[in-house]
Amino acid sequence: TDWKSQAVDERLEAVQARMEAQEQWVHAKLEEMTSAQQVELEKHVNKVQQIVEDTAVSRERQLQTAIDQLEQQSSHIMERSHIVEAIVDESRVRQIVEEAARPQRAELEEAQQRAWQRLDERLREETARQLE
C-alpha cells in the first residue's frame with residue numbers, strides 16, 4: 001500500500017501543482033484585465049479632463065470677449081454721457097444768458113421806442129417848419 005499511497009500523493013501533488021498553475025494563470029489574467037481596464041479608464045479620464053480643460057478655456061475666452069464688449073459699451077456710454085452733459089450744460093448756459101438778457105432787452109426795446117418817438121417828433125417839427 002506504500003506504492004498506492006505514494007501514487008495518490010504524487011497524483012495529489014500533480015493536481016495541486018496544476019491548480020496552483022491555473023490559479024497563477026487566473027491571477028495573471030485578472031491582472032492583465034485589470035491593467036487593460038485601468039489603461040482604458042485612464043484614457044477615458046484623460047479624455048474627460050481634456051474636454052473639461054478645453055471647455056474651461058473656451059468659456060474663459062467667451063467671458064473675456066463678453067467683458068471686453070461690456071467695457072467698450074461702457075466706454076461708449078461714458079462718452080455719450082459726457083456729450084449729453086455738455087449739451088445740458090450748454091442749454092443751461094443759454095437759459096442763464098437769456099434770463100440775464102431779459103431786463104437788458106426790455107431796456108433796449110424801451111430805448112428803441114423812445115428813439116423812434118423822438119425821431120417822429122423831430123420829423124413832425126421839421127415838417128411843420130418847412131410848411132410855415
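As the structure is a prediction and not an experimental result, all values here were calculated from the model.

The rules behind the values
Residues numbered from 1 in each chain as written. Predicted model: local features only at pLDDT ≥ 70, side-chain atom pairs only at ≥ 80, totals over all residues. Heavy atoms only, no water. Helix = DSSP H or I, 4+ residues; strand = E, 2+ residues; numbered from the N terminus. Expected span 1.5 Å × (residues − 1). Bend = angle between axes of the 7 residues up to and from the residue. Salt bridge = Lys/Arg side-chain N within 4 Å of Asp/Glu carboxyl O. Buried < 20%, exposed > 50% of the residue type's maximum accessible area, 1.4 Å probe, protein only.

S.K.: Help me get a handle on helix 1 (residues 2-131), residues and values and all.
M.R.: Relative to the 194 Å expected for 130 residues at 1.5 Å per residue, helix 1 spans 184 Å between its end C-alpha atoms, a close match to the ideal helical length. The largest bend along helix 1 measures about 40 degrees and falls at R102, with the proline P103 one to four residues further on.

S.K.: Would you mind going over the pattern of salt bridges in detail, with residue names and values included?
M.R.: A complete count under the given rule lists 6 salt bridges for this structure. Here E32 makes a salt bridge to K29, at a shortest N to O gap of 3.7 Å. With E32 and K29 both in helix 1 and 3 residues apart, this pair spans about one turn of that helix. A relative accessible area of 34% means that K29 is categorised as partly exposed. The salt bridge involving R124 is made with D120; its shortest N-O contact spans 3.0 Å. Pair noted here: R124 and D120 are both in helix 1, with a separation of 4 residues, about one helical turn. A relative accessible area of 56% means that R124 is categorised as exposed.

Any functional reading would require information that these geometric values do not contain.
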